[in-house]
Amino acid sequence: MIKSRADKFKLCGLSALLLFLIVVPMLSSSFLVTMMIRYMYYGLLTISFAFLASQLGLFSLMVPVSLTICGYIIGLGVLRWNISVWLAIVLGVLGSQLFAALCGLMVNKSKGISFLMLTLVISQLVWALSLQWTSITNGTTGLLDIRFPESINIFSDQPNVNQYYWTFIVFILCVALVFALTRSSFGLRLQGIRDSESRMAALGYRTSALKWAAFMIANFISAIAGVLYVYNNGMITPDVMTLSSTNKSLISSILGGSGTPLLGSAIGTVIYRTFDVMLSSLTRRYLTLVGLLFLTVIMVLPDGITSIARRLRRGKKHE
């Protein structure tokens, strides 16, 4: 009975949230609509990070790489190669996935600190390349004036509202994909590898193939975030792949709770990005304040903000 009540409560909460997200553009200012768009594509970036962290216990610092590669390919396709928008998107996702596949083979045998450092090195190499290969990337300037395709302005005459609904649809599809994977037998196998890879190998599972597949899925989510990022911002620059950008996904995931790749990622992203915007307009030392917030959460709630609900449930059971 308690379980069914909990399920009904979750269903009602999810329905209310979806209804809120649908009506946001109708009831709010353009600033809030723009912020909601940012929450969604940065939220996918955090989900990409948290998926590997929660399912395999691996912390990848090359999360923004797929976003950046996808964005540059789209920008080059639209601005220089004069190909269609849809072909540019397909090439962007495929190109980023091809690079991720090669990187996955390189880092597949590593774990813990070794995995983290290898992904950091790959991220910094790609970032350096994007800065120095100026004939392709335009260096620090990046690729500008990448316009949102007018052919899909079907929801509203207001550009930001139309972009919001397309971003919302893609975001929901990606969230549904990750939710299904984490609840499937595939997700259970990944969790088994996280707990004891040697035991899973002894049971006959191809642990290397499973880890590589999870790595590809995480980078696919990042690439989709790249599609949303480049069309909503109209540009792509090396700044999105700096170590600071990677740290933002890491902090957002830990703030929300890296053990919950969906809810924790959403909560962490909203909190971090909101503080980032609000505090940056008040003081130049806003990063110090964000750091203090992060430190406080780690000390008080080491498992993230979503752990509050688990603590409350445990308290009710003991009563």
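Relevant structure appears above.
Small disclaimer: the values here were computed from a predicted structure and weren't measured.

**Remarks on the nonpolar core**
Among the nonpolar cores identified, the biggest contains 74 residues, and Leu44, Ile74, Tyr164, Phe215, Tyr231 and Ile236 are the most heavily contacted of them. Here this core takes 16 residues from helix α2 (residues 30–56), the largest share from any one element. Leu255, Leu279, Val290 and Val297 belong to the second largest nonpolar core, which has seven residues in total.

**Some words on helix α12 (residues 263–280)**
Since one α-helical turn is 3.6 residues long, residues separated by three or four positions face the same way. Its 18 residues place the ends of α12 26 Å apart at the C-alpha level, agreeing with the 26 Å of an ideal helix rising 1.5 Å per residue. Listing the buried residues of α12 in full gives Gly264, Ser265, Gly268, Thr269, Tyr272, Arg273, Thr274, Asp276 and Leu279. Contact partners of the buried residues in α12: α2, α11 (243–256) and α13 (286–300).

**Brief notes about a nonpolar patch on the surface**
Together, Trp81, Leu87, Val90, Leu91 and Leu94 make up a nonpolar patch on the protein surface, roughly 470 Å² of accessible area in all. Counting through the fold element by element, Leu94 comes out in helix α4 (residues 85–107).

**Here's the deal with the environment of Asn233**
Its location among the elements puts Asn233 in helix α10 (residues 207–233). Taking relative accessible area as the criterion, Asn233 reaches 31% and is therefore assigned partly exposed. Along the sequence, Asn233 and Arg38 sit 195 residues apart, while their C-alpha atoms lie 9.5 Å from each other. Looking at Asn233, its side chain comes within polar contact range of the side chain of Tyr41, at 3.0 Å.

**Notes on the packing of α2 against α11**
Orientation of α2 relative to α11, taken along the N-to-C sense of each, is 70°, at an axis distance of 9 Å. Classified by the angle between their axes, α2 and α11 sit roughly perpendicular to one another. Where α2 abuts α11, its residues Leu45, Thr46, Phe49 and Ala50 lie against Ser249, Leu250, Ser252 and Ser253. Considered class by class, the residues forming the contact of α2 with α11 number four nonpolar, four polar and no charged.

**Notes on the packing of aromatic side chains**
Taken as a whole and assessed by the stated rule, the structure comprises ten aromatic pairs. Between Tyr41 and Tyr229, the ring centres sit 5.5 Å apart and the planes meet at 80°, which makes this aromatic pair edge-to-face. With a gap of 188 residues between them, Tyr41 in helix α2 and Tyr229 in helix α10 connect regions that are remote in the sequence. Judged by its relative accessible area of 2%, Tyr41 is buried. Both rings, one in Phe49 and one in Phe59, keep their centres 5.8 Å apart while their planes meet at 50°; by these two values the pair is tilted.

Calculation notes
Residues numbered from 1 in each chain as written. Predicted model: local features only at pLDDT ≥ 70, side-chain atom pairs only at ≥ 80, totals over all residues. Heavy atoms only, no water. Core = buried A, V, L, I, M, F, W, Y, C linked by side-chain atoms within 4.5 Å. Buried < 20%, exposed > 50% of the residue type's maximum accessible area, 1.4 Å probe, protein only. Helix = DSSP H or I, 4+ residues; strand = E, 2+ residues; numbered from the N terminus. Expected span 1.5 Å × (residues − 1). Contact = heavy atoms within 4.5 Å. Patch = residues over 30% accessible without salt bridge, like charges linked within 9 Å, V, L, I, M, F, W, Y side chains within 5 Å. Areas by Shrake-Rupley, 256 points an atom, 1.4 Å probe, with all protein chains shown as cover. Salt bridge = Lys/Arg side-chain N within 4 Å of Asp/Glu carboxyl O. Polar contact = N/O pair within 3.5 Å; in protein donor to acceptor, adjacent residues only side chain to side chain. Axes fitted to C-alpha atoms, helices over the stretch in contact; angles between N-to-C directions. Parallel < 35°, antiparallel > 145°, perpendicular 65-115°, else oblique. Nonpolar A, V, L, I, M, F, W, Y, C, P; charged D, E, K, R; others polar. Phe/Tyr/Trp six-rings, centres within 6.5 Å; stacked < 30°, edge-to-face > 60°.

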